[in-house]
Amino acid sequence: MIVPAAGAPGQQSPSADGVIRLVDGVPAGVLPLADRSIQFGDGVFRTLFIRDGGIPFWQRHMDKLARDAAALGITAPAAGDWLADLRAPAPASATIKLVLTRGESPRGYAVPDDCMPHRITQIAPRAPAVDRSAGVTVRICETRASWQPRLAGIKHLNRLENVLARSEWSDPAIFDGLLLDRDGDVIEGTMSNIVLLEQGALLTPQLDGGGVAGVMRDVIAEAASGLGWSTGEARISLARLLQAESVWLCNSLTGLVPVARLGERDWPAHPADQLLAERVAALAIEETEWIR
């Protein structure tokens, strides 16, 4: 049973930490212990934001969530159900986390035929924007990205390797850590995708064995194509990354972030930084869903 949060039935008021939490559209404070997201990390999620009453790349996020859910055999709710959750409080600015769990089941890995997914919506105050246009510092993690083709690209709820990788440093000067796979190729950051500029072409690591294929990764590739650049996926060794003209990290909250330093390698500002950022911003305006 889902326990409603304190307050009047249906009232979407924030909790003590300022976060509005809904389960299947109803204010709720807890999930059932039998939910498979708690037992097995069985589900998928998206993290995005509301800015000036609009959600950039909303439809892309919905399409990605539905594809990830389908890959796990979970039926995703309609995009309108998520929008209804967000339009009731209709914040002008917020950070959003959308979680889809497979639902509840008894002990054991087998999925019951009557398992019903749960839709979890969390609406939190958005942190102040940070100017990272001068570039950030990153490191290489000792934790390796796992190899599992059936889960490759999916943003599923079992993020334990990211947790372990992120625990490797506490230096606030480090923006993110990069994960290598079993062969030593660069896969992703703990919270970001990687893109790089090599001989005028925009490349991203091939994610056929692991990693998360984020929405912004596709947006940036499309932006580069709009600038007339060639784009593609490739095996990116660490040596190849270090030889790139420019390197960026991206996710849906931070957007496009240039990398300024990795170990002893420094990347100075590049004209591509501004060109790509401007094109991504233009696409965001074109693809915004307004909730207020």
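Just above, that's the structure.
Residues numbered from 1 in each chain as written. Predicted model: local features only at pLDDT ≥ 70, side-chain atom pairs only at ≥ 80, totals over all residues. Heavy atoms only, no water.

Peer 1: How would you explain the overall build of the chain if you had to name every residue and give the values?
Peer 2: Along the chain, the regular secondary structure elements total seven helices and 17 strands. Here the chain has a C-alpha radius of gyration of 20 Å; the compact-globule value for 292 residues is 19 Å, and the two agree. Viewed in the frame of its principal axes, the chain has a C-alpha envelope of about 55 × 45 × 35 Å. Here the contacts in the chain between residues at least 6 apart in sequence split such that 72% fall between residues at least 24 apart. Accessible surface, the chain as shown: approximately 14,100 Å² in total, 55% of it carbon and sulfur. Of the charged side chains in the chain, 28 are positive and 35 negative, and the gap between their average positions amounts to 2 Å. (Helix = DSSP H or I, 4+ residues; strand = E, 2+ residues; numbered from the N terminus. Rg over C-alpha atoms; globule rule 2.2 N^0.38 Å. Contact = heavy atoms within 4.5 Å. Areas by Shrake-Rupley, 256 points an atom, 1.4 Å probe, with all protein chains shown as cover. Lys, Arg positive; Asp, Glu negative; His and termini not counted. Charge placed at Lys NZ, Arg CZ, Asp CG, Glu CD.)

Peer 1: Go over unusual backbone geometry, please, and point to the residues and values.
Peer 2: You will see that Asp 24, though not glycine, has its phi angle at about 55°, which is positive. Residue placement: Asp 24 occurs in the loop between strand E2 (20-23) and strand E3 (26-30). Phi at Phe 57 is positive, roughly 60°, even though this residue is not glycine.

Peer 1: Please set out the layout of surface pockets residue by residue, giving values where relevant.
Peer 2: Counted as a void, the second largest pocket has a volume near 500 Å³. Lining the second largest pocket we find 23 residues, and of these Leu 72, Gln 148, Leu 151, His 156 and Asn 158 sit closest to its centre. The leading source of residues in the lining of the second largest pocket is helix H4 (residues 160-166), at three residues. (1 Å grid on protein atoms, 1.4 Å probe; cavity = no way out; pocket = protein on both sides within 12 Å on 5 of 7 lines; lining within 4 Å. Points joined across faces, edges and corners; volume = space filled by probe spheres on them.)

Peer 1: So what's going on with the side chain of Glu 188? Residues and values would help.
Peer 2: Inspection of the secondary structure puts Glu 188 in strand E10 (residues 186-189). This buried residue, Glu 188, is left without a salt bridge; Arg 159 holds the nearest opposite charge, at 4.7 Å. Separated by 2.9 Å, the side chain of Glu 188 and the backbone nitrogen of Val 212 make a polar contact. Beyond its immediate stretch of four places on either side in the chain, Glu 188 contacts Asn 162, Gly 177, Leu 178, Leu 179, Asn 193, Ile 194, Gly 211 and Val 212. (Buried < 20%, exposed > 50% of the residue type's maximum accessible area, 1.4 Å probe, protein only. Salt bridge = Lys/Arg side-chain N within 4 Å of Asp/Glu carboxyl O. Polar contact = N/O pair within 3.5 Å; in protein donor to acceptor, adjacent residues only side chain to side chain.)

Peer 1: Break down the packing of aromatic side chains for me, with residues and values.
Peer 2: Considering all chains together, one arrives at one aromatic pair under this definition. Ring centres 5.1 Å apart and planes at 50° place the aromatic pair Phe 40 and Tyr 109 in the tilted group. In this pair, Phe 40 is assigned in helix H1 (residues 36-40) and Tyr 109 in the loop between strand E6 (94-101) and strand E7 (118-124), connecting sequence segments 69 residues apart. Judged by relative accessible area, which is 24%, Phe 40 ranks as partly exposed. For Tyr 109, a relative accessible area of 69% translates into the label exposed. A cation over an aromatic ring shows up here: Arg 126 above the ring of Phe 49, its NZ or CZ 4.0 Å from the ring centre. (Phe/Tyr/Trp six-rings, centres within 6.5 Å; stacked < 30°, edge-to-face > 60°. Lys NZ or Arg CZ within 6 Å of the ring centre and 35° of its normal.)

Peer 1: Any chance you could break down helix H2 (residues 58-71) for me, citing the residues and the numbers?
Peer 2: With 14 residues, H2 should cover 20 Å at 1.5 Å per step; its first-to-last C-alpha distance of 20 Å lies within 8% of that length. Residues of H2 that are buried: Trp 58, Arg 60, His 61, Met 62, Lys 64, Leu 65, Asp 68 and Ala 69. Contact partners of the buried residues in H2: strand E4 (43-50), strand E5 (54-56), helix H3 (79-87), E6, helix H5 (215-226) and strand E17 (288-290). A positive phi of about 80° marks Gly 73, the residue just after H2. (Expected span 1.5 Å × (residues − 1).)

Peer 1: Tell me about the pairing of E6, residues and numbers included.
Peer 2: Along any regular strand the residues' side chains alternate between the sheet's two faces. Taken across its eight residues, E6 has seven buried, putting it largely inside the fold. As paired elements, E4 and E6 share eight bridges and run antiparallel to each other. Its bridge partner being in E6, Arg 46 is matched across the sheet by Leu 98. Where E6 meets E7, seven bridges bridge the pair, whose relative direction is antiparallel. Across the sheet, Thr 95 pairs through a bridge with Ala 124, a residue of E7. (Pairing = 2+ DSSP bridges.)

Peer 1: Tell me about the environment of Ile 187, and name the residues and values.
Peer 2: Summarising the element assignment, Ile 187 is placed in strand E10. Ile 187 sits in the buried class, given a relative accessible area of 7%. Taking the C-alpha atoms as reference points, Ile 187 and Asp 35, 152 residues apart in sequence, are found 31 Å from one another. Ignoring any residue separated from it by four or fewer positions in sequence, one finds Ile 187 in contact with Ala 145, Leu 179, Leu 180, Asp 181, Ile 194, Pro 205, Gln 206, Leu 207, Gly 210 and Gly 211.

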